Amino acid sequence: MTGNGLLDVIEPDGSHVVKARLSKEGLSLVDPEIVSKAEKMKLSNSAITSMLKCPAKFAADKWILRDIMPEDPLSANVLGSAFHKVMEIFYGKPAGKRTVEDMRDAYREALSLDEFKAVKEDKEARQWVKDRVNSYWAMGLEKPDEVQIASVEREGKWGPYTKKGLELYVQDKIGDSKRETCGFIDRLCVDDDGEYLIDDWKTGKKADVFDPSDKYPDFSKVRQQILYTLMLEQQGGRVKAARLIYPKTAYKDPDGEEAIGGFVDDIPIRNKHYVKQAIKDVETVDAMVESCVSRNTWDTEPSPLCSWCPLVNICPAAMKMNKANAVESRSNQPTKEFLADGGIVAA
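Because the structure is predicted, anything quoted here is derived from the model rather than measured. (Residues numbered from 1 in each chain as written. Predicted model: local features only at pLDDT ≥ 70, side-chain atom pairs only at ≥ 80, totals over all residues. Heavy atoms only, no water.)

## Structural notes on the packing of helix H2 (residues 45–53) against helix H8 (residues 220–234)
For step 1, the next point in the chain: The contact between H2 and H8 brings their axes to 9 Å, and the two run at 140°. As far as their axial angle goes, H8 and H2 are oblique. Here H2 and H8 pass one another in a crossing that is right-handed. Taking contact as the criterion, the partners of Asn45, Ile48, Thr49 and Leu52 in H2 are, on H8, Ser220, Arg223, Gln224 and Leu227.
For step 2, the next point in the chain: Looking at the contact of H2 with H8, its residues break down into three nonpolar, four polar and one charged. (Axes fitted to C-alpha atoms, helices over the stretch in contact; angles between N-to-C directions. Helix = DSSP H or I, 4+ residues; strand = E, 2+ residues; numbered from the N terminus. Parallel < 35°, antiparallel > 145°, perpendicular 65-115°, else oblique. Left-handed = near helix turned anticlockwise from the far one by under 90°. Contact = heavy atoms within 4.5 Å. Nonpolar A, V, L, I, M, F, W, Y, C, P; charged D, E, K, R; others polar.)

## Description of the confidence of the model for the protein chain
For step 1, the next point in the chain: A residue-level look at the protein chain finds 95% of positions with pLDDT of 70 or above and a mean pLDDT of 94.
For step 2, the next point in the chain: Low pLDDT, under 50, characterises residues 1–7; the predicted model gives this stretch 12 contacts beyond four residues in sequence or across chains. (pLDDT = per-residue confidence, 0-100.)

## So, the packing of aromatic side chains
For step 1, the next point in the chain: Scanning the entire structure with this criterion turns up 13 aromatic pairs.
For step 2, the next point in the chain: An angle of 75° between the planes, with centres 5.8 Å apart, marks the rings of Phe58 and Trp63 as edge-to-face.
For step 3, the next point in the chain: Look at Trp63 and you get buried, because its relative accessible area is 8%.
For step 4, the next point in the chain: Between Tyr136 and Trp201 the ring centres are 5.5 Å apart and the planes differ by 90°, which places this aromatic pair in the edge-to-face class. Of this pair, Tyr136 sits in helix H7 (residues 123–139) while Trp201 sits in strand S8 (residues 196–201), and the two are 65 residues apart along the sequence. The two residues Tyr136 and Trp201 agree in class, both being buried.
For step 5, the next point in the chain: By the ring-pair criterion, three or more aromatic residues cluster together here, those being Phe58, Trp63 and Trp298.
For step 6, the next point in the chain: Sitting over the face of the ring of Trp128, Arg132 holds its NZ or CZ atom 4.0 Å from the ring centroid.
For step 7, the next point in the chain: A cation over a ring is seen here: Arg187 above Tyr91, with NZ or CZ 4.6 Å from the ring centre. (Phe/Tyr/Trp six-rings, centres within 6.5 Å; stacked < 30°, edge-to-face > 60°. Buried < 20%, exposed > 50% of the residue type's maximum accessible area, 1.4 Å probe, protein only. Lys NZ or Arg CZ within 6 Å of the ring centre and 35° of its normal.)

## Examining the nonpolar core
For step 1, the next point in the chain: With 68 residues, the main nonpolar core has Leu27, Leu29, Trp63, Leu188, Trp298 and Ile344 as its most contacted residues.
For step 2, the next point in the chain: If near-sequence neighbours (up to four positions away) are discounted, Ile344 is found in contact with Ala20, Leu27, Ala60, Ile64, Leu65, Leu311, Ile314 and Leu339.
For step 3, the next point in the chain: Counting residues in hydrophobic clusters, the runner-up holds 27 residues, among them Val86, Met103, Ile149 and Trp201. (Core = buried A, V, L, I, M, F, W, Y, C linked by side-chain atoms within 4.5 Å.)

Structure (structure tokens):
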């Protein structure tokens, strides 16, 4: 591996510290600390999705851009996290303490956390979270007091312990991958027969139901639930079903009409073709990461979406479309100077 010595990270004029260099071939990491993180990284569903699109963008996002481009405190991700936290607190309460008033308490407790300070102080943001909590309640999907949260046995440094199935961390090797895959299950329930039900809260504007006949089918959400299923069952669990719960979203009703409200997407975790593809995706990305690390080059993968990438204004491989929305997007992406100040320079 090259380019990871102390002097390599200092530009000759001393203007800034270089963490990575971007060439037409890919992104080369320079900062020794980042190189070490890359060597040790685990896979996740989001990492797999990002790597399959563009390894260079994945590496820049994961280890550099998130530090120099702070997330909007009222972004869709933050609002979604606030809703997740409400549900985590609410279902962390014992049966008999999951009433409407308990849900209100969970909402207030979640928004009192420092990470959601901006949400609490913004009327529209608060209402966004309230709308989804209210819509979930109105769905009548389940009786909260009858929901059984799973207790999962784990081995720790000091012996076995039990972990509640809320924001449950799972980790294991999938297929023939060398690296472990990991993730967090939003809610893991258990039925009277001891079988698991995987629930994942989704707060997007539209329910993206996987359809292999689409021009650009998005397999990521199906893959995520299949990977969770594989990991749980490799560790001795039995998974009955997995579903995505949208408390408020746009979806098509049984008649094909557009509707807005609560929606549940039952994921076909036993579809043998989908399971095979999910495992293949893990193994493919595992090999990609091994190659990127060994060459210290995270490959560029030009596509029509390059104009929406933060690296577009310095990437020699970028596909720059001339459509108005693409041109406008490029004008809103970080400048060469901004990226250089943050540690990413063109090779």
